[in-house]
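Results of the structural survey
Chain residues, written in single-letter form:
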Amino acid sequence: ERQQARAAEARAAGPIRFERSIKEGQSSNSFARASKLAVAEVEEEEDEYEYETDDTYQAPEPAARNGKKESNASKKRQQAERHLDEMQLLAKEEQAARRHRIAMRLLRLLVVGFVIDARREQDPKPAAREGKPKKKGGKAASWEAPSMSIGQVREKCNVYGGPLLMLLFTCALFGARIAGEDFSPDTKNDEVNLFEVLGVPHDASVLDVRKAYKHLALSWHPDKNPGCEACATRFAKISQAYEVLNNPEKRKAYEARRAPEGSLESMASVDLTADDFEARVARSNDVWYVQVYDPTDGLCQHFHALWEDVAHRHEDVARFGRIDLVKHRRVVSLLPQRVGMVPLVFRFARGHEPVIFQSAYSSEDRGSAPFARFVQDNFPEVRRIGAAAELRSWWDAGADRQRILLASPAGGFGRRTAELMQALRLAHMWHEFFDFAVADAKLASDALGSSLPPGALQTPGAWAVVARAQGGAGGRAEVKEAAQLRDLSGAMQELISRSIGHEAPHATLRNYQQLCGALGMRTFCLFLVDNSVARVPVALEELGSSRTSFLQEAAELRSEDEEATEEPFHIQPIRVTTSSSRLPWLPVAPGASFKALWAAADKAPSFVLELETRRVAPVKTASFRELYQQIAYDDLKFRELPEGLSLARSLPDPEVTLGRELLHGLATLQGSLLAFLLAAAAIAVVPELSLPAVGAVTAVAASLIAGAWPLACRRCIAIVWCGISPGRFECLVGG
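This text gives an overview of the structure that appears in the document. Only a predicted model underlies this, so the values are computations on that prediction, with no experimental measurement involved.

Notes on the pairing of strand E3 (residues 319–324)
The element E3 is largely enclosed, with a buried count of five among its six residues. Strand direction decides the pairing type here: strand E1 (residues 270–271) and E3, joined by two bridges, are parallel. Across the sheet, the residue bridging to Asp-271 is Arg-322, located in E3. Pairing of strand E2 (residues 288–293) with E3 involves six bridges; the strand directions are parallel. Bridge pairing in E3 links Tyr-289 to Phe-320.

Written out as structure tokens, the structure reads:
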């Protein structure tokens with residue numbers, strides 16, 4: 001009887017204890033399984049006891065025994081179904097409790113739950129529980145403070161985790177906003193370099209200064225550009241620079257003022273900071289030599305004169321910059337190597353690993369020759385072809401990219417001179433759009449004889465630039481000869497300008513300056529916004545027709561009036577798409593400031609931008625057959641861009657990193673709110689999941705982010721794509 005009583009108590013106490021744990025939020029599947037097993041064991045013991053202790057038991061007849069067996073089986077089946085219903089109910093209650101915990105945790109993270117808990121604590125407390133010890137005089141005795149268990153610590157974290165997370169997240173957003181504002185591509189230097197204004201080297205003669213002034217005055221004179229305030233300002237700077245540099249005494253005083261004796265101020269290089277290093281160096285198609293120096297260090301003071309000498313001699317070949325280790329220590333974190341000893345010189349070139357020059361002095365060699373050799377030996381090379389079959393194969397391959405061949409006389413590329421390095425610099429700068437190669441003129445004549453015009457590459461000792469015909473190797477090549485090596489870069493620039501004018505490349509932060517302002521003449525950029533693939537060839541044909549007719553009109557005008565001077569200009573079409581592609585070989589969307597730039601052009605599907613004067617004009621006509629004439633005769637109405645509008649932030653940047661893009665997103669109100677909600681949801685749900693479930697959810701979330709975020713998807717695909725085609729330009733620049 002006592003055993004039967006204990007069995008009855010166990011059956012009744014199991015569900016009651018489990019229900020009580022559900023209400024307290026402490027139940028689990030493990031407890032449910034343990035309770036079920038305990039009840040089953042008690043029932044089994046009870047049945048065995050009844051069978052063994054029954055003295056009056058008599059073996060029934062076979063039919064009666066079968067009936068009793070069926071009755072017992074039916075009874076057990078009913079009990080099993082009843083227990084199954086109870087366990088299903090308990091499982092549903094457990095799921096409800098889990099949802100309640102998730103909701104309360106989420107509300108606490110949003111501070112709402114913290115307010116709810118505070119209000120609950122202010123409610124009147126229930127009456128003293130039974131069995132609670134009493135104080136003398138009828139008052140309840142005080143409980144001793146129990147030691148905190150793991151569950152209590154977890155509960156405290158749930159209660160106070162929301163405010164702490166809010167504080168940490170606010171600090172993270174503040175840091176993201178600061179980091180997002182570090183990248184300033186349009187950082188300007190208030191100091192005006194008069195040599196750069198006229199576009200002449202520091203050792204330019206008076207005749208070179210006068211030629212440069214005459215050329216620029218024809219382009220920027222206010223009478224030639226009525227209504228253009230930027231043109232008037234530009235012309236005033238040109239006149240000021242000419243007035244100083246054309247006068248030997250004023251020029252000498254200007255140079256002495258810029259570089260006082262005994263100082264470390266540089267006339268041949270620019271000062272780099274953390275704000276402009278990425279825009280000037282990391283996003284440049286030019287070759288940079290960057291010196292890290294300490295103005296108080298004796299070796300740096302000695303190296304300064306050598307640096308100035310080499311930089312002056314190679315200013316037409318590469319760009320030179322300096323980083324003051326004392327004033328701009330933050331920029332050192334952007335360098336590829338930790339700076340130990342100074343002076344230290346880095347060579348940066350797109351698609352090439354940085355190279356380091358550490359200045360060393362000895363009693364035998366204290367001149368600038370070691371540094372000059374470093375500049376020349378580490379300048380990017382151009383592919384050299386020495387076999388006719390290889391040259392023909394290179395010439396015929398790849399119809400999607402233009403081919404330009406530099407044909408030299410025998411032994412022409414043996415010695416690295418400044419004139420030759422200028423040609424190599426152009427080849428490096430325009431490698432995004434052209435494939436360059438170098439070959440002997442006789443070898444090129446033999447290998448490409450059928451593709452060359454009659455009589456090409458036959459002048460002894462002459463250099464030549466050979467460009468493949470548009471659309472592949474089927475047509476005649478275009479040849480531009482240069483009698484001497486110093487004329488080679490000019491011939492290359494002319495042929496590049498003519499060839500790129502027949503294309504409409506996608507504008508990026510890296511190439512927009514050379515497309516819109518480095519073609520050797522006054523340049524206007526024609527923006528084609530979201531133009532279809534079929535529309536682009538039509539636009540190029542219309543623009544070419546306008547240029548041809550305009551040049552004919554200018555020639556006729558000069559034949560009728562010898563004093564007529566119509567300065568030539570160039571219109572370069574470029575494309576911009578307002579949506580990003582998830583494929584790394586397709587364009588990305590422009591920057592955040594493009595909406596303001598496009599609004600200044602009345603949201604026209606095509607508009608003209610003059611980068612030098614920061615003027616923009618919408619193109620109202622559907623055809624471009626009169627565009628050159630509209631610009632020349634002031635039929636196209638230009639307007640000034642808004643103050644503070646960053647052109648660099650308006651253009652696409654396919655090389656931007658995920659981290660920087662994420663910081664820019666967190667710096668916005670929408671991005672910060674979305675990130676906070678996602679973080680709060682993850683913190684509320686993850687504690688309720690098992691470790692395998694957390695891994696699966698993380699993988700699914702990463703896949704969804706990669707699919708929904710175009711930049712992340714581009715990076716994932718680029719890893720595979722660049723592994724297959726590592727020589728692509730997008731892979732070389734890290735895009």
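Moving on, there is more to tell.
Some details on the environment of Arg-101
The residue Arg-101 is located in helix H3 (residues 62–109) in this model. Assessed through its relative accessible area of 22%, Arg-101 is described here as partly exposed. Sequence separation between Arg-101 and Val-685 is 584 residues, and the spatial gap between their C-alpha atoms is 9.1 Å. Of the polar contacts made by the side chain of Arg-101, one reaches the side chain of Glu-688; its length is 3.1 Å.

Focus: the environment of Gly-461
Turning to its location among the elements, Gly-461 is positioned in the loop between helix H15 (441–447) and strand E9 (463–467). Judged by relative accessible area, Gly-461 falls into the exposed class, the value being 51%. Here Gly-461 is in contact with Pro-409 and Ala-483, once residues within four sequence places are set aside.

Regarding the sheet that holds strand E8 (residues 434–440)
Read across the open sheet, the five strands follow the order E6-E8-E7-E9-E10; overall the sheet is mixed. The sheet is open, and its two edges are formed by strand E6 (383–384) and strand E10 (478–482), each paired on a single side. Strand direction decides the pairing type here: E6 and E8, joined by two bridges, are parallel. In the strand pairing of E8, Arg-384 is matched with Val-438. Sitting on the sheet, helix H13 (residues 388–396) is in contact with E6, strand E7 (402–408), E8 and E9, with an inclination near 150 degrees to E7.

A word on the side chain of Ser-546
The topology assignment puts Ser-546 in helix H18 (residues 535–560). Assessed through its relative accessible area of 0%, Ser-546 is described here as buried. A distance of 3.3 Å separates a polar side-chain atom of Ser-546 from the backbone nitrogen of Leu-627. Other than its neighbours up to four places away in sequence, Ser-546 contacts Phe-624, Arg-625, Glu-626, Leu-627, Tyr-628 and Gln-629.

Some words on the packing of aromatic side chains
Overall, the coordinates contain 22 aromatic pairs when judged by the stated rule. With a centroid separation of 5.8 Å and 40 degrees between ring planes, the pair formed by Phe-524 and Phe-638 is classed as tilted. Taken as a pair, Phe-524 in strand E11 (residues 522–529) and Phe-638 in the loop between helix H20 (627–632) and strand E15 (639–640) lie far apart in primary sequence, 114 residues in all. Each member of the aromatic cluster is reached from another via a ring pair, and the members are Tyr-289, Phe-303, Trp-307, Phe-320, Phe-357, Phe-371 and Phe-374. Over the face of the ring belonging to Tyr-293 we find Arg-322, whose NZ or CZ atom lies 4.4 Å from the ring centre. Directly above the aromatic system of Phe-638 lies the positively charged group of Arg-615, at a separation of 4.6 Å from the ring centroid.

Calculation notes
Residues numbered from 1 in each chain as written. Predicted model: local features only at pLDDT ≥ 70, side-chain atom pairs only at ≥ 80, totals over all residues. Heavy atoms only, no water. Buried < 20%, exposed > 50% of the residue type's maximum accessible area, 1.4 Å probe, protein only. Helix = DSSP H or I, 4+ residues; strand = E, 2+ residues; numbered from the N terminus. Pairing = 2+ DSSP bridges. Polar contact = N/O pair within 3.5 Å; in protein donor to acceptor, adjacent residues only side chain to side chain. Contact = heavy atoms within 4.5 Å. Axes fitted to C-alpha atoms, helices over the stretch in contact; angles between N-to-C directions. Phe/Tyr/Trp six-rings, centres within 6.5 Å; stacked < 30°, edge-to-face > 60°. Lys NZ or Arg CZ within 6 Å of the ring centre and 35° of its normal.

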